[in-house]
Amino acid sequence: MSAQPAPATTPVSRTAALPLRTRLAILFRLLAIQGSWNYEILLGNGIGFCMEPALRLLPGGLHTPAFHEALARESRYFNAHPYLASVAVGALARAELDGEPADRIERFRTALCGPLGSVGDRLVWAGWLPFCSLASLALFGLGMGTGWVVGFFLVAYNIGHLGLRIWGLNTGWRHGLKVATALGNPVLRRGPQQIGRVAALATGVAIPLALGRIIGPGRNLIGIVLICIALGSLLIVRVQGKIEGWRLSLLVLAAFALFSVIR
Amino acid sequence: MNFLELLPIALLGGVLGLDVVSFPQAMISRPLVAATAAGALIGQAASGLLVGAALELIALETLPFGASRYPEWGSAAVVGGAIFAENPSHPAGAMEMAVLCALATTWVGGWTMVKLRQRNAVWAAQHRSGLDAGARGTIISLQLRGMTADFVRGAILTAIAYALLAPVSRAALGAWTVDARVSRCVVVATAASVAGGAAWKIFHSTAGARWFFFSGLVAGLFLLLVK
């Protein structure tokens, strides 16, 4: 019986688009890229896990030495921001399917780690996430209902989150080993600064409004609370590096609870 | 508290604990969302949102940068949201105890995440030959095992924390002596101080950010006064 090559094993040409089914499979797996995150290979296994649907398109498909070699190569140590790792997945998938030499892929893989980590941290963790969180707190402080506050946060945040993952995969696939040029995108270069400014504005608006709503009616204590917040913030900035603010707040609240119960 | 009462809270804690890192990182684990979801489960979504907002202010300080160790807010906010929502009349100390319980849980949660990451490394080492051979089954099973373990971690953490801390909170509220408004002001002042410190940490290196912050503060205070 002669083996017929399955459609999924047809090699993808240099100019072809990634098949939609493969693209969707990769995008879904990208949501779980940190599923086995660990202190030894960090995201490594996740990168292999996400690229596996694309590697099935290598000539011969699943059960070939080329597939196993590529999967082993892509499952080694890797570190990047989880959302921007999609750029690496797209670019590496392109490189593997284009049949680039293994040593070139490995050098490229190593070079990608740093930029994808630092850009993602500044853009998402220090920009988009605090902005969405603070804007939602401002809406909460303005008296918006539960659905509006939570809905705004989830929709706004995930437009950025999913948009970045989709953009990353498409950009990586389109540019392959030349993806470094795409990382000069204005959103990635200037975005963190711009989002940082807007998030700083949102911080200023959100904190007084949110505390006003949490304290509730009868705000004659609000002036004292604001002075305490200013002093508390200064203290937290001063002790930065010695103790984290959340641990300090745990100590303060535990001491106050004890005082309230045993006095 | 029986198993059937605990189960929905534990499952919610598992799902939201999973979101923190493993899947899908859509930030449904942020306290604003997680505490509201826990409150909704008890039938008091608005109470959940109230304590979620206080916790969100504190959580601004602990963003999940790289391989750093940070507290786990998903399961913790479920515990805090559920404990606060148990008291819909918001008696004196209710928010204080809910935030305190959430902070204690988030501390333990951060430790369990480190342990899980170490366990993931052990599993990866045990399957080194499969990884080196590019075995598809090994790579997929490691990923699924890590996510399952993370879900179980979050669910067990939530169940234990809620089962232990909810009675402690009830007992403390029974003996609470400080005025309700003063108690709440202490929580808010503490949470907002952490948020203020976090904002400085995040934005102080951004050019012009302090002017944006002060402009926002003036606008925020004005809106607070005219509301």
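Residues numbered from 1 in each chain as written. Chains lettered and ligands numbered in written order. Predicted model: local features only at pLDDT ≥ 70, side-chain atom pairs only at ≥ 80, totals over all residues.

Below, the discussion takes up the overall build of chain B. Secondary structure assignment for chain B yields nine helices and zero strands. When its helices and strands are written in sequence order, chain B yields α-α-α-α-α-α-α-α-α. (Helix = DSSP H or I, 4+ residues; strand = E, 2+ residues; numbered from the N terminus.)

For chain A, the count of helices and strands is nine helices and zero strands. The C-alpha radius of gyration computed for chain A amounts to 24 Å, which surpasses the reference 18 Å derived for 263 residues by more than 25%, pointing to a less compact arrangement than a globule. Each principal axis of the C-alpha distribution contributes one length, and for chain A these read about 85 × 35 × 35 Å. Counting all 263 residues of chain A, 47% fall into the buried class. A fraction of 76% describes how many contacts in chain A between residues 6 or more apart in sequence connect residues 24 or more apart. (Rg over C-alpha atoms; globule rule 2.2 N^0.38 Å. Buried ≥ 20, exposed ≤ 12 C-beta atoms within 10 Å, placed from the backbone. Contact = placed C-beta atoms within 7 Å.)

Along its 13 residues, helix H4 (residues 85-97) of chain A runs 18 Å from first to last C-alpha, staying within 8% of the 18 Å computed at 1.5 Å per residue. Among the 13 residues in H4(A), 13 count as buried, and that is most of the element. (Expected span 1.5 Å × (residues − 1).)

The subject of this paragraph is the nonpolar core. Residues A:Val89, B:Ala54 and B:Val99 are the most contacted members of the largest nonpolar core, which totals 158 residues. Of all the elements, helix H5 (residues 102-141) of chain A adds the most residues to this core, at 16 residues. Counting the residues that make up this core, at least three belong to each of domain 1 (8-219) and domain 2 (220-263) of chain A. B:Ala54 has contacts with A:Ile214, B:Met95, B:Val99, B:Val187, B:Val188 and B:Ala191, leaving out every residue within four places of it along the chain. (Core = buried A, V, L, I, M, F, W, Y, C linked by C-beta atoms within 7 Å. Domains from an automatic or database assignment.)

On to the domain arrangement of chain A. Often, the extent of an interface is quoted as the loss of accessible area on bringing the components together. In terms of domains, chain A is made up of domain 1 (8-219) and domain 2 (220-263). Placing the centre of domain 1 of chain A and that of domain 2 of chain A at their C-alpha centroids yields a distance of 36 Å.

Across the boundary between the two partners, chain B contributes 98 residues, which contact 85 residues of chain A. When residues of the side of chain B that touches chain A are traced back to their parent elements, those giving at least two are helix H2 (31-42), helix H3 (45-59), helix H5 (94-126), helix H6 (128-132), helix H7 (136-174), helix H8 (180-203) and helix H9 (209-226) of chain B. Looking at the side of chain B that touches chain A, the element that brings in the most residues is H8(B), giving 22 residues.

With that out of the way, let us pick up the packing of H4(A) against H5(A). Residue and element names in this part refer to chain A. Packing of H4 against H5 brings their axes to within 10 Å, and their N-to-C directions diverge by 165 degrees. Here H4 is positioned roughly antiparallel relative to H5, judged by the angle of their axes. Relative to H5, the crossing made by H4 is right-handed. Judged by residue contacts, Ala85, Val87, Ala88, Leu92, Ala95 and Glu96 of H4 engage Ile105, Phe108, Arg109, Leu112 and Leu116 from H5. Of the residues contributing to the contact of H4 with H5, the split by class is nine nonpolar, no polar and two charged. (Axes fitted to C-alpha atoms, helices over the stretch in contact; angles between N-to-C directions. Parallel < 35°, antiparallel > 145°, perpendicular 65-115°, else oblique. Left-handed = near helix turned anticlockwise from the far one by under 90°. Nonpolar A, V, L, I, M, F, W, Y, C, P; charged D, E, K, R; others polar.)

Bringing helix H3 (residues 65-74) of chain A into the picture now. Looking at H3(A), one finds that the buried residues are A:Phe67, A:Ala70, A:Leu71 and A:Glu74. Buried positions in H3(A), seen along its axis, are confined to an arc of 100 degrees and lie on one side of it. Check the buried side of H3(A) and you find it contacts helix H2 (44-55) and H4 of chain A together with H7 of chain B. (Arc of directions from axis to C-beta.)

This next bit is on unusual backbone geometry. In this structure, the amide linkage connecting B:Phe23 to the following residue, B:Pro24, adopts the cis form with an omega of -10 degrees. Here the phi dihedral of A:Leu42 falls at roughly 50 degrees; this positive angle occurs in a residue that is not glycine. Here A:Leu42 shows up in the loop between helix H1 (20-30) and H2. Phi at B:Gln25 is positive, roughly 55 degrees, even though this residue is not glycine.

Another point: the environment of A:Phe152. Residue and element names in this part refer to chain A. Along the chain, Phe152 falls in helix H6 (residues 146-175). Phe152 sits in the partly exposed class, given 18 other C-beta atoms within 10 Å. In the structure, Phe152 is positioned 57 residues away from Ala95 in sequence and 39 Å away in space, judged by C-alpha atoms. Excluding anything up to four places from it in sequence, Phe152 contacts Ser136 and Leu139.

For the rest of this paragraph, the subject is the packing of H4(A) against H6(A). Residues and elements named next belong to chain A. Packing of H4 against H6 brings their axes to within 6 Å, and their N-to-C directions diverge by 25 degrees. Viewed along their axes, H4 and H6 adopt a mutual orientation that is roughly parallel. Read as a crossing pair, H4 and H6 show a hand that is right-handed. Here H4 contributes Ser86, Val87, Ala88, Val89, Gly90, Ala91, Ala93 and Arg94 to the contact with H6, which in turn contributes Arg165, Gly168, Leu169, Asn170, Thr171, Gly172, Trp173 and His175. Residues of the contact of H4 with H6, tallied by class, amount to seven nonpolar, seven polar and two charged.

Right, let's talk about the environment of B:Lys227 for a bit. Residues and elements named next belong to chain B. Turning to its location among the elements, Lys227 is positioned in the segment after H9. Here Lys227 falls in the exposed class, since 12 other C-beta atoms lie within 10 Å of it. Sequence-wise, Lys227 and Ser75 are 152 residues apart; in three dimensions their C-alpha atoms are separated by 34 Å.

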